[in-house]
Amino acid sequence: MNALTILPAGWRLSLQPGQTLLEAADAGGVRLPRSCRNGTCRECRCRLLAGEVVYGVQWPGLSVDERDEGWVLPCVAYAAGDVTLLQPHAQQHPAPPGQAAGSAG
Ligand code: FES
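Visitor: Run through the pairing of strand S4 (residues 46-50), naming residues and quoting values.
Guide: Across two bridges, S4 lies against strand S6 (residues 71-72) in antiparallel orientation. Within S6, the position partnered with Cys46 by the bridge is Val72. Looking at chain direction, S4 and strand S8 (residues 83-86) are connected through three bridges and run antiparallel. Residue Arg47 lies in a different strand from S8, and its bridge partner there is Leu86.

Here it is in structure tokens:
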């Protein structure tokens, strides 16, 4: 299974087949910046430090220069192997999905 590492925090998450990098981060409890989730707003833009991605849309909102410089859009990018992203604004979810903090009992 491929791994998604998010720096500078150093979170290491698993990448399921068919998941975008954004979805894999969500599933692993890490929230990346996002808005449109379809490759146009660029809110999720971050650096690819290692690995390769393929895109699920024909023309994600990045210029050729930006791609060459290592910028990626995780909301529409799929990993081709292990991937490392640099996203200083990533945050851990306060609680796993479906679990409220402070259960009754
Ligand atoms: S969330 Fe809009 S481009 Fe990724």
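Alright, that's what it looks like, and here's the rest.
Visitor: Break down the sheet that holds S4 for me, with residues and values.
Guide: With mixed pairing, the five strands of this open sheet are ordered in space as S2-S1-S8-S4-S6. Only two strands of the sheet have a single partner each, and these edge strands are strand S2 (11-15) and S6.

Visitor: Kindly report on the environment of Met1, identifying the contributing residues and their values.
Guide: Mapping Met1 onto the fold places it in the segment before strand S1 (2-7). Here Met1 falls in the exposed class, since its relative accessible area comes to 71%. Among all residues touching Met1, those that are not within four sequence positions of it are Ser14, Leu15, Gln16 and Asp82.

Visitor: Requested: an account of unusual backbone geometry, with residues and values cited.
Guide: Pro8 follows Leu7 through a cis peptide bond whose omega is 5°. Along the chain, Pro8 turns up in the loop between S1 and S2. You will see that Arg37, though not glycine, has its phi angle at about 65°, which is positive. Here Arg37 lies in the loop between strand S3 (30-31) and S4. Classification of Arg37 by relative accessible area gives partly exposed; the value is 40%. Positioned with a positive phi, Arg42 is a non-glycine residue whose angle comes to about 75°. Summarising the element assignment, Arg42 is placed in the loop between S3 and S4. A relative accessible area of 32% places Arg42 in the partly exposed class.

The rules behind each value
Position numbers for residues count from 1 along each chain, tracking the sequence in the order it is written. At least 70 in pLDDT is required for a residue's local features to be given in this predicted model, at least 80 for side-chain atom pairs to be given and counted, and no such filter applies to totals for whole chains, interfaces and linings, which use all residues. Note that water and hydrogens are dropped before the side-chain values are worked out from all heavy atoms of the structure. In this description, strands pair whenever DSSP reports at least two bridges between them. The way it works is that DSSP assigns letters per residue, a run of H or I at least four long becomes a helix, a run of E at least two long becomes a strand, and they are numbered from the N terminus. Here the term buried applies to any residue with accessible area under 20% of the maximum for its type, exposed to any over 50%, and partly exposed to those in between, with areas from a 1.4 Å probe on protein chains only. Contacts were defined at the residue level, with two residues in contact if any of their heavy atoms lie within 4.5 Å.

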